[in-house]
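What follows is the residue order along each chain.
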Amino acid sequence: MPKFLCLIGLILSGRKITEGLFSYIKIMALIFYNTASRKKEPFTLAPGEDFVKMYCCGPTVYHFAHIGNLRTYIFEDTLCRTLEYYGYKLKHIVNITDVGHLTSDQDTGEDKMEKGALRTGKTVWEVAQFYMDAFFKDWHRLNIEEPTLWCRATEHIKQQIELVKVLEEKGYTYRTSDGIYFDSLKFPRYADFARLDVENLRKGSRIDMGEKHAATDFALWKFSPTDKKRLMEWDSPWGVGFPGWHIECSAMAMNYLGPTLDIHCGGTDHIRVHHTNEIAQSECATGKPFSRFWMHGEFLRLGDAKMSKSSGEFLTVDLLEDKGFNPLDYRLFALTSHYRNYLNFSWEALESAREALKSLHKKTDPLMGKATKVESEEAKKWQNEFKDAIGDDLNMPRALGLLNSVLKTELPEGEKAALVLDFDRVLGLKLDEPRKEIAKKPDANAVDDSAEIESLIVQRTEARKSKNWQESDRIRDLLKEKGIEIKDGPQGTTWVRK
Ligand SMILES: [Zn+2]
C-alpha cells in the first residue's frame, strides 16, 4: 500500500483511536490521594515489580479495638479489594504492636502493654494474646480480608536492633541516660511530610524534653528502668531495654517489602509523629524514599455516643452485637462516607445502615444462585462506572449508589446477580449469603431504673414503719428479682446492684 494511503488511513481512524484510548485511560486509571503530595495521583506499579507492596499500621494489643480504629482497617480493606479488582497482586503486611507503645508520643509515660498487664492481672504475653485474638475476631466479623502477613513487634527485635545499628553507624543517633535517640535535626526534610511548624514545635518549652536535644527527636531504643523490672525486655548493643514504637514499623516493613513500599497506610493521627518518624529513620538508613504513596483514614466522630463512652461504654464490635447489630451493618455504615471525611457515629445512624443493609438483602437474596455473565452493553456500562468510582480514590459512597441503581434497572436477573456479586468483591457486604440476624442481649440498652428502685425503697421504709411486714418483704423480693441487694443501717437503707 502506498505510504500516503496509510497516512490517510491513520488520520481518519485517529479520532476513534484517541477516543478509545481516552475512555480506556479513564476506566483503567486508579487514582489515590497521596498524603505526601496532598494531591490525587495515578497509581501504577513500580517498574519491574509484579505486586503491590503495602504496609498498614496495626493495633496495639493492650485493649479491645474501638470501632473508630476499625474504620481505618475497613478503609484499608476497600483499598486492597480495589487493587485486586484492578488486577493487582498484593503483598499486604499488618503489624501487631505488642511492645514499646508508650502512653505519650513524647517517649515518656508507661508502656501500654505493661499497663494492660497491670490492669488485668495477666502476664504481658497473655494480654497480647488475648487482645490479639479479640482483634482477629473483629477483623473477620467485619469481613476484612486477611493480609499476606501479620507481624508482631516482639518477634522482630533483631531487625529493629539492626536498623538502629545502621542509623548509629551513619551518625543519626545519640545516647541519653534513658535510651538511644534519633537526631531529627540531621534530617532536614523532617517537617515536610506533616507540614510541621518545627521552629515553633522545637521552641516549645512546654514539651517535656528530658535529655532530648530537640522536641522532634524520638527514642529508637529505651533502657529498662533501674528501679523496677520490666515485664518485656531484651539485650542490645546499648544495654537491656526495649525498642521505641516507631522503629518496629520501619524495621518490619523493610524486612518484608524492601526499602521502598508502594503504599503505606494508617489513621490521620499517625501523620504528625509516627509516620513522620518512620520516614525519617527509614530514609536516613537507606537513602531511598520509604513509600511512594501514603494513605490515611479519617476519624470516626462520636458525637452523642461519646457521652456513653464517658459513662463506661466502650464502642466495640461486641457492643454492637449486644445491641443487635450485625458487624456488617457497621461496615456498610463506614462505606457511606469517603475515607478521607469524618464520619459521625450515632446509634440512629447505625440503625439506618442496618435498615439499608436489610433492604439490600431483600433485593439481592432472590437473585442469588441466578448469576450469569456481565455481557450486555448496559451491564458493562454499569460495571465500568463502578470500576471508575472505586478507582477514583475509593469513592465507596458512589459505588454503593451504583449498586442500588443497578438493582432498580430492567437488566435480566442473571446479569443483575452477576453485577451484585462483582461489586461485592469490593464492598465486602457478604451479599452472597443470607443476612445473619444478631439477637439483642436482654440487658443491652437497659434503661436506668435507679429512680424506680429509690421509689420502691421509700415504699418499703413506709411499710416497715407501719409494721406491714408482708408488704415490706414483697418489695424486698421484688428488688432481689431486679438484682438489687439492700442493707438496712442506722443511716437508712442503702442498695447495690449485684
Ligand atoms: Zn506504624
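What counts as what
- Residues numbered from 1 in each chain as written.
- Predicted model: local features only at pLDDT ≥ 70, side-chain atom pairs only at ≥ 80, totals over all residues.
- Helix = DSSP H or I, 4+ residues; strand = E, 2+ residues; numbered from the N terminus.
- Buried ≥ 20, exposed ≤ 12 C-beta atoms within 10 Å, placed from the backbone.
- Pairing = 2+ DSSP bridges.
- Axes fitted to C-alpha atoms, helices over the stretch in contact; angles between N-to-C directions.
- pLDDT = per-residue confidence, 0-100.
- Contact = placed C-beta atoms within 7 Å.
- Expected span 1.5 Å × (residues − 1).
- Arc of directions from axis to C-beta.

**Thoughts on unusual backbone geometry**
One non-glycine residue with positive phi stands out, namely Arg38, at about 55°. Relative to the helices and strands, Arg38 is located in the loop between β1 (31-34) and β2 (39-42). Look at Arg38 and you get exposed, because 8 C-beta atoms sit within 10 Å. Phi angles above zero are rare outside glycine, and Lys430 is one such case at about 55°. Along the chain, Lys430 turns up in the loop between α15 (413-427) and α16 (450-465).

**A closer look at the sheet that holds strand β6 (residues 173-176)**
Strand order in the open sheet formed by four strands is β6-β7-β8-β9, with antiparallel pairing between adjacent strands. Each end of this open sheet is capped by a strand with a single partner; those strands are β6 and β9 (241-243). Averaged over all pairs of adjacent strands, the angle between strand axes in this sheet comes to 25°, irrespective of strand direction. Examined bridge by bridge, β6 and strand β7 (residues 179-182) share four bridges and lie antiparallel to one another. Within β7, the residue paired with Arg175 across the bridge is Ile180.

**Regarding the pairing of β2**
Here β1 pairs with β2 via four bridges, running antiparallel. Across the sheet, residue Ile31 finds its bridge partner in β2, namely Pro42. Joining the antiparallel neighbours β1 and β2 is a turn of four residues, in which Arg38 adopts a positive phi near 55°.

**A word on the confidence of the model for the protein chain**
Regions with low pLDDT should not have their predicted coordinates read in detail. Overall, the predicted model of the protein chain reaches an average pLDDT of 88, with 88% of residues at or above 70. In the model, residues 1-27 has pLDDT below 50 throughout and makes five contacts with residues more than four positions away in sequence or in other chains. A low-confidence stretch, residues 307-311 stays under pLDDT 50, and its non-local contacts, those more than four residues away or across chains, total four contacts.

**A look at the environment of Val426**
Along the chain, Val426 falls in helix α15. The class of Val426 is buried, set by 26 C-beta atoms lying within 10 Å. Leaving out residues up to four positions away in the same chain, Val426 has contacts with Thr78, Arg81, Thr82, Tyr85, Ile390 and Ala399.

**Brief notes about helix α5 (residues 157-169)**
A rise of 1.5 Å per residue sets the reference length of α5, with its 13 residues, at 18 Å; its end C-alpha atoms lie 18 Å apart and thus fit the reference within 8%. Buried within α5 we find Gln159, Gln160, Leu163, Val164 and Leu167. Looking straight down α5, one finds that the buried residues subtend no more than 140° of arc, so they occupy a single side. Seen from the buried face of α5, the exposed residues on the opposite side, beyond 90 degrees, are Lys158 and Glu169. Its buried side turned inward, α5 meets β6, β7, β8 (218-223), β9, α7 (245-257) and α8 (271-286). Of the residues one or two after α5, Gly171 is the one with positive phi, at around 85°.

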